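Secondary and tertiary structure notes
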Amino acid sequence: MPHAAPSTDDITALIETQMHLEGPLLPIFHAIQEAYGFVPQEALPVIAEALNLTVAEVHGVMSFYHDFRKTPAGDVVVKICRAEACQSMGANALSAAVLDKLGLDWGGTTADGKLTVEPVYCLGLCACAPAAMVGGKLVARADLARLEKAMEGAA
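Given the structure is predicted, the values throughout are model-derived calculations rather than measurements. (Residues numbered from 1 in each chain as written. Predicted model: local features only at pLDDT ≥ 70, side-chain atom pairs only at ≥ 80, totals over all residues. Heavy atoms only, no water.)

1. Considering the sheet that holds strand 2 (residues 115-120)
Note the following rule: Strand pairing is assigned whenever DSSP identifies at least 2 bridges connecting the two strands. Helix and strand assignments come from DSSP, with helices taken as H or I runs of at least 4 residues and strands as E runs of at least 2, each series counted from the N terminus. In this analysis, axes come from line fits to C-alpha atoms, helices being fitted only over the stretch in contact, and the angle between any two N-to-C directions falls in the range 0 to 180 degrees. Should any heavy atoms of two residues lie within 4.5 Å, those residues are considered in contact.
Across the sheet, four strands lie side by side as 2-1-3-4; this open sheet has mixed pairing. Looking at strand neighbours, the two that pair on one side only are strand 2 and strand 4 (137-139), the edges of this open sheet. Ignoring strand direction, the axes of neighbouring strands in this sheet form an average angle of 25 degrees. The sheet contact formed by strand 1 (residues 76-81) and strand 3 (residues 132-134) spans three bridges and is antiparallel. Paired with lysine 79 across the two strands is methionine 133, which belongs to strand 3. Seen against the sheet, helix 6 (residues 91-102) touches strand 1 and strand 2 and runs at an angle of roughly 160 degrees to strand 2. On top of the sheet, helix 7 (residues 144-154) reaches strand 1, strand 2, strand 3 and strand 4; it is set at about 20 degrees to strand 3, its chief contact.

2. Some thoughts on the nonpolar core
Here is the rule we go by: Here, the term nonpolar core denotes a set of buried Ala, Val, Leu, Ile, Met, Phe, Trp, Tyr and Cys residues that are joined through side-chain atoms within 4.5 Å. Whether a residue is buried, partly exposed or exposed follows from its accessible area with a 1.4 Å probe, protein chains only, as a fraction of its type maximum: under 20%, in between, or over 50%, in that order.
Among the nonpolar cores identified, the biggest contains 20 residues, and Phe29, Ile32, Val39, Ile47 and Val58 are the most heavily contacted of them. Secondary-structure elements contributing two or more residues to this core are helix 1 (8-18), helix 2 (25-36), helix 3 (43-51) and helix 4 (55-64). Setting aside its immediate chain neighbours within four residues, valine 58 contacts Leu25, Phe29, Leu44, Ile47, Ala48 and Leu53. Val76, Val98, Val134 and Val139 belong to the second largest nonpolar core, which has 15 residues in total.

3. Concerning the layout of surface pockets
The condition is simple: Computed over the protein atoms alone on a 1 Å grid, cavities are sets of points where a 1.4 Å probe fits but cannot get out and pockets are open sets with protein on both sides within 12 Å along at least five of seven lines; a residue lines them when it has an atom within 4 Å of a point. Grid points are joined across faces, edges and corners, and a volume is the space filled by probe spheres set on the points. Gly is placed with the polar residues, together with every amino acid not listed as nonpolar (Ala, Val, Leu, Ile, Met, Phe, Trp, Tyr, Cys and Pro) or charged (Asp, Glu, Lys and Arg).
By volume, the largest pocket is sized at about 430 Å³. As for the largest pocket, its lining consists of 20 residues, of which His66, Asp67, Phe68, Arg69 and Glu118 are closest to the centre. Going through the elements one at a time, helix 4 and strand 2 are the ones with two or more residues in the lining of the largest pocket. Among the elements that take part in the lining of the largest pocket, strand 2 stands out by supplying four residues, more than any other. Counted by class, the lining of the largest pocket contains nine nonpolar, six polar and five charged residues.

4. Some details on the state of the cysteines
Put simply, the rule is: Cysteine sulfur pairs qualify as disulfides if the two atoms are within 2.5 Å.
The full count for this structure, using the stated rule, is zero disulfides. Of the cysteine sulfurs around cysteine 86, a residue in no disulfide, the closest is that of cysteine 81, at 3.5 Å. The exposure class assigned to cysteine 86 is buried, which follows from its relative accessible area of 2%.

Laid out in structure tokens, this is it:
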């Protein structure tokens, strides 16, 4: 995903590609994030004007959904499940170990921009907990060694 600074014209063009949809706000967020790797703050008033909403309404929707980023993510996003089934199988200790090893907090990105670690609340692998996703690839029965290997392979 490129991390170029978007112009108002570029954002407007992306918005227009989604305006034919019923309820286009979420598809607009997805299109902008797909294009830039995040939804920049500067896009919110442009979206609000196009949809005849307030900036506060647009911001409220964006902040409700955890998948929309305010800043660019690393080249590889590591998602570790935080749901109950994974917690019961050691996800909290796994999360702590990964975050400690990388020197990050949740949502943080390594200094080299390669990895971002995010919490996720269910990957649908409850029977194979704890679960994680590295660069879009699922990791079942995750442990630190498996995640390290997946992160090395993805970065």
